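# Breakdown of the fold
Spelled out from the first residue to the last, the chains are:
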Amino acid sequence: MRLAPRPVSVCLVFGLLLLMLVMMPGTLLLIFAGGLLAILFRTSGVYIARTLSIAPGWGVAIFLVGLLAVIVGGGFYLSPAISNQAEQLWEQVPNAVRNLRSGLEEYAWGRQLIERLNEGGLWPSGTGGAATQAVSSAFGYLGNTVIVLFIALYGAFDPATYRNGLLKLIAPSARGKAERVLDNSVKTLQSWLTAQLISMTVVGVLTGLGLWFIGIPLALLLGLIAGLLAFIPNVGPVLAATPGVLLAVPEGFHSVLLVLGVYLAVQALESYVVTPIVQQEKVSLPPVLVISTQLIFGSLFGLIGLALATPMTALFMQLISDLYVDDYLEKEERQIVEV
């Protein structure tokens, strides 16, 4: 009995993806991160190309050169301030942690809390092992970053090669549907990236200005950290607020409340004003689903899983809508109506 090419090809593609997810999850996540960055580069380059009436490849090149110029130029002017503030943060946060621990040890409930944190490995008890792990992790992150950048560059300059190669794995009768699903997936990630970059910029600028206004030191660096960590919805703002609160502890309870007020106000503005405006009808993700996928991917794959959980959720929802809801459930409803 000869099997039909269409279901075999679809099962083969999804089977390979499932096998990679089980056997090489870290590799698959790196490829996804590179693809996400490639979509950002390509989308920006195509916009420039249409504006200047040039080839898309030249548009991508102009965008990358401009981005590099901004990074180098901004680093040249801001690196002294940022490096100085980073050094101060590196020195002050451990002192703030020690002060917080000393304050907690004065109370019975505080000592119990520290003991539980020590049992779970969440409170640092030494520096040697942590330093070694930090160095090895830094080299690992550097190597992964280089891999992601190369994937992004190849994907941004020549997406047709990889798109056509993927479509060739699908039977000819299903390629039209596969092409539409692929286009919808790219559009979904484009919309998510646009909304996320706008939100990150707003969070970084407003956090830095708010902390500077209330007189908190290292406001520039803390704003930059808040903007970068805003890439991770829900969890990112909590991580970003931690160094700011720790720096405010020596200044007293009033300063801690002011810092918390700034972070909460910025987060409320981003969640209830900025994000709904920039997303509109593009990408609307249920908060419970986002938090759940962040917990799952963070537990399974660590930091990279936590960072990529939200765009992967958006992609999964788009695929479920195209391949299951529209192709299966809605098709049955249409058949019932016709009968």
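What counts and what doesn't
- Residues numbered from 1 in each chain as written.
- Predicted model: local features only at pLDDT ≥ 70, side-chain atom pairs only at ≥ 80, totals over all residues.
- Heavy atoms only, no water.
- UniProt positions renumbered as here; feature names shortened; annotations may be inferred.
- Helix = DSSP H or I, 4+ residues; strand = E, 2+ residues; numbered from the N terminus.
- Buried < 20%, exposed > 50% of the residue type's maximum accessible area, 1.4 Å probe, protein only.
- Contact = heavy atoms within 4.5 Å.
- Patch = residues over 30% accessible without salt bridge, like charges linked within 9 Å, V, L, I, M, F, W, Y side chains within 5 Å.
- Areas by Shrake-Rupley, 256 points an atom, 1.4 Å probe, with all protein chains shown as cover.
- Salt bridge = Lys/Arg side-chain N within 4 Å of Asp/Glu carboxyl O.
- pLDDT = per-residue confidence, 0-100.
- Axes fitted to C-alpha atoms, helices over the stretch in contact; angles between N-to-C directions.
- Parallel < 35°, antiparallel > 145°, perpendicular 65-115°, else oblique.
- Left-handed = near helix turned anticlockwise from the far one by under 90°.
- Nonpolar A, V, L, I, M, F, W, Y, C, P; charged D, E, K, R; others polar.
- Core = buried A, V, L, I, M, F, W, Y, C linked by side-chain atoms within 4.5 Å.
- Polar contact = N/O pair within 3.5 Å; in protein donor to acceptor, adjacent residues only side chain to side chain.

In the nomenclature of an unreviewed UniProt entry, the protein chain corresponds to AI-2E family transporter from the organism Pseudorhizobium pelagicum. Listed in UniProt under the heading Subcellular location (unreviewed entry), the comment for the protein chain reads: "Membrane". Recorded in UniProt for the protein chain, the comment headed Sequence similarities (unreviewed entry) runs: "Belongs to the autoinducer-2 exporter (AI-2E) (TC 2.A.86) family."

With that out of the way, let us pick up the overall build of the protein chain. When its secondary structure is counted, the protein chain shows 11 helices and 0 strands. In sequence order, the secondary structure elements of the protein chain are arranged as α-α-α-α-α-α-α-α-α-α-α. Here the protein chain, with 339 residues, has 31% of them falling under the buried criterion. The contacts of the protein chain with a sequence gap of at least 6 include a subset with a gap of at least 24, amounting to 65%.

This next bit is on a nonpolar patch on the surface. Nonpolar side chains collect at one region of the surface, where Val-205, Leu-206, Leu-209, Trp-212, Phe-213, Leu-269, Tyr-272, Val-273 and Ile-277 lie side by side and expose about 1000 Å² of accessible area between them. When contributions to the nonpolar patch are tallied by element, the ones reaching two or more residues are helix H7 (175-213) and helix H10 (253-279). Of all the elements, H7 adds the most residues to the nonpolar patch, at 5 residues. Among the structural elements, Ile-277 can be located in helix H10.

This part covers the pattern of salt bridges. Enumeration according to the criterion identifies 2 salt bridges in this entry. Note that Arg-163 and Glu-179 form a salt bridge whose closest N and O atoms lie 3.0 Å from each other. Here Arg-163 is found in helix H6 (residues 159-168), whereas its partner Glu-179 is found in helix H7, with 16 residues between them in sequence. Overall, Arg-163 belongs to the partly exposed group, its relative accessible area being 23%.

Here the protein chain shows a mean pLDDT of 76. Residues at 70 or above account for 71%. pLDDT under 50 marks residues 119-136. Its contacts with residues more than four places away, or in other chains, come to 7 contacts.

Attention shifts here to the packing of H6 against H7. The contact between H6 and H7 brings their axes to 10 Å, and the two run at 140°. Compared by their axis directions, H6 and H7 come out oblique. Taken as a pair, H6 and H7 cross one another with a handedness that is right-handed. Residues Arg-163, Leu-166, Leu-167 and Lys-168 of H6 form the contact with H7, whose own contacting residues are Arg-175, Ala-178, Glu-179, Leu-182 and Asp-183. Residues of the contact of H6 with H7, tallied by class, amount to 4 nonpolar, no polar and 5 charged.

According to UniProt, the feature "transmembrane region" (unreviewed entry) maps to residues 12-41, 53-78, 138-157, 209-232, 244-266 and 286-309 in the numbering used here. Secondary structure across residues 244-266 comprises 83% helix and 0% strand; the distance between its end C-alpha atoms is 14 Å.

Another point: the environment of Gln-267. Mapped onto the secondary structure, Gln-267 falls in helix H10. Owing to a relative accessible area of 23%, Gln-267 belongs among the partly exposed residues under this scheme. Measuring from C-alpha to C-alpha, the distance between Gln-267 and Ser-199 comes to 10.0 Å, with 68 residues separating the pair along the chain.

So, on to the nonpolar core. Judged by nonpolar contacts, the single largest core of 19 residues is most densely connected at Leu-211, Ile-216, Leu-222, Val-259 and Tyr-263. Residue assignment for this core shows that the elements contributing at least two residues are H7, helix H8 (219-229), helix H9 (235-248) and H10. Beyond its immediate chain neighbours, meaning those up to four positions away, Ile-216 contacts Leu-211, Leu-222, Ala-248 and Val-259. One finds Leu-189, Leu-308, Ala-309 and Leu-315 within the second-largest nonpolar core, a separate group that totals 16 residues.

As a further point, take the packing of H8 against H9. Running from N to C, H8 and H9 cross one another at 165°; their axes reach a closest spacing of 8 Å. Classified by the interaxial angle, the pair formed by H8 and H9 is roughly antiparallel. At the point where H8 passes H9, the crossing takes the right-handed sense. Of the residues in H9, those in contact with Leu-222, Ile-225, Ala-226 and Leu-229 of H8 are Gly-236, Leu-239, Ala-240, Pro-243, Gly-244 and Leu-247.

Relative to the helices and strands, Gly-223 is located in helix H8. Under the relative-accessibility criterion, Gly-223 is labelled buried at 4%. When residues no more than four places from it in sequence are discounted, the contact partners of Gly-223 are Gly-204, Thr-207 and Gly-208.

This brings us to unusual backbone geometry. Only a minority of non-glycine residues have a phi that is not negative, and only a minority of peptide bonds are not trans. Residue Ser-53 is not a glycine yet carries a positive backbone phi of 55°. Structurally, Ser-53 can be placed in the loop between helix H2 (25-52) and helix H3 (56-104).

Quick look at the side chain of Gln-196 now. Along the chain, the position of Gln-196 falls in helix H7. The class for Gln-196 is buried, based on a relative accessible area of 7%. At a separation of 2.6 Å, a polar atom in the side chain of Gln-196 contacts the main-chain carbonyl oxygen of Ala-230.

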